[in-house]
Amino acid sequence: MTREEKSQVIEELTAELANCSNIYLTDISGLNAGSTSDLRRACFKANVKMAVVKNTLLEKAMEASDKEFGELPSVLKGNTSVMYSETGNAPAKLIKNFRKKSDKPLLKGAFIEEAVYIGDEQLDALVDIKSKDELIGEIVTLLQSPAKNVISALKSGGGTLAGIIKTLSEKEG
């Protein structure tokens, strides 16, 4: 690989790191061709982009990036694949599900919305991270709850002001 080609790869990696706020570093070494193909297919279905990278080039891209990757460059040893995702927990769920039939991929580390996670033991914590859509859904449900109580009170109170007040006071108690 020429110096110009390396520079081009570093620029592309730096741009990818800048555009994505959820980055997973994994080890997929030892997967056979069939398993690797299955993993790539699972990534595609989960809207996760996966790429195998050279550690030195990724480290240079991290240094060139505006983001603070903390201890993440320290895990750049051996085989490294990068998973990029719009959803913070999608790669973690994909890895956990894939490992039901294989011992790989191993999680080396992750950068999720400016937080750094190091080591495979962090996988369950990453699976439990709520996506923006999941959080919005929970908030909407919480906001709808009081409105549903008022509507049910209006219906059960018979439409009279006294009935509504009585029903609402019973629900508070």
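Only a predicted model underlies this, so the values are computations on that prediction, with no experimental measurement involved.

**Student:** Quick question: what am I supposed to make of the layout of surface pockets here?
**Tutor:** Over the atoms, a rolled probe matching the size of one water molecule traces out where space is still vacant. Of the voids in this model, the largest pocket is the one considered here, and its volume is about 240 Å³. Of all the elements, helix H6 (residues 132–156) adds the most residues to the lining of the largest pocket, at three residues. Residues lining the lining of the largest pocket come from more than one domain, with at least three contributed by each of domain 1 (3–129) and domain 2 (131–172).

**Student:** When you look at the sheet that holds strand S2 (residues 48–53) in this model, what are you seeing that I'm missing?
**Tutor:** To summarise the sheet geometry, strands pair through backbone hydrogen bonds and adopt either a parallel or an antiparallel arrangement. Pairing in this open sheet of five strands is antiparallel, and the strands run S2-S3-S1-S4-S5 from one edge to the other. Each having just a single partner strand, S2 and strand S5 (115–118) make up the two edges of the open sheet. Averaged over all neighbouring strand pairs, the angle between strand axes comes to 20 degrees, with direction disregarded. In the sheet, strand S1 (residues 22–27) pairs with strand S3 (residues 80–85) via four bridges, with the strands oriented antiparallel. Its bridge partner being in S3, Ile-23 is matched across the sheet by Tyr-84. Seen against the sheet, helix H2 (residues 33–45) touches S2 and S3 and runs at an angle of roughly 140 degrees to S2.

**Student:** Sorry if this is basic, but what is going on with the environment of Asn-89 here?
**Tutor:** For Asn-89, the position within the fold is in the loop between S3 and helix H4 (90–98). A residue is classified by how much of its surface remains accessible, and Asn-89, at 3% relative accessible area, is buried. For the pair Asn-89 and Ile-129, spaced 40 residues apart in sequence, the C-alpha separation works out to 5.7 Å. Residues contacting Asn-89, with those up to four places away along its chain left out, are Tyr-24, Leu-126, Val-127, Ile-129, Ser-131 and Glu-134.

**Student:** What's the story with the nonpolar core in this structure? I'm lost.
**Tutor:** Proteins that are soluble and globular tend to have nonpolar side chains buried together. Counting 19 residues, the largest nonpolar core has Tyr-24, Leu-39, Cys-43, Met-50, Met-83, Ala-92 and Leu-126 as its most contacted members. Secondary-structure elements contributing two or more residues to this core are H2, S2, H4, strand S4 (106–112) and helix H5 (123–127). With five residues, H4 is the single largest residue contributor to this core.

**Student:** Explain the pairing of S4 to me, please; I cannot follow it from the model alone.
**Tutor:** A regular strand places its side chains so that they alternate between the two faces of the sheet. Burial within S4 is extensive, with six of its seven residues counted as buried. As defined by bridge partners, S1 adjoins S4 across six bridges and the pair is classed as antiparallel. By the bridge assignment for S4, Asp-27 is matched with Leu-106. Direction of pairing for S4 relative to S5: antiparallel, over a ladder of four bridges. Within S5, the residue paired with Ala-110 across the bridge is Tyr-117. Hairpin connection between S4 and S5: a loop of two residues separates the two successive antiparallel strands, and Glu-113 in this loop has a positive phi of roughly 45 degrees.

Calculation criteria
Here the residue numbers are simple positions, counted from 1 along each chain's written sequence. pLDDT decides what is reported in this predicted model: residues at 70 or higher carry local features, side-chain atom pairs at 80 or more are listed and counted, and totals for whole chains, interfaces and linings draw on all residues regardless. Side-chain descriptors were evaluated using all non-hydrogen atoms of the structure, hydrogens and water having been removed beforehand. Whether a set of points on the 1 Å grid over the protein atoms alone is a cavity depends on a 1.4 Å probe fitting there but being unable to get out, while an open set qualifies as a pocket with protein on both sides within 12 Å along at least five of seven lines; lining residues are those with an atom within 4 Å of a point. Grid points are joined across faces, edges and corners, and a volume is the space filled by probe spheres set on the points. Working definition: helices are DSSP H or I runs of at least four residues, strands are E runs of at least two. Numbering for both runs from the N terminus. The start and end points of each domain follow an automatic or database-based domain assignment. DSSP calls a pair of strands paired once it identifies at least 2 bridges connecting them. Between N-to-C directions, angles cover 0 to 180 degrees, with each direction set by a line fitted to C-alpha atoms, over the stretch in contact for helices. Throughout, a residue-residue contact means that at least one pair of heavy atoms, one from each residue, lies within 4.5 Å. For every residue, the accessible area obtained with a 1.4 Å probe (protein chains only) is divided by the maximum for its type, and the residue is called buried under 20%, exposed over 50%, and partly exposed between those limits. Buried Ala, Val, Leu, Ile, Met, Phe, Trp, Tyr and Cys residues that are joined via side-chain atoms within 4.5 Å together make up what is termed a nonpolar core.

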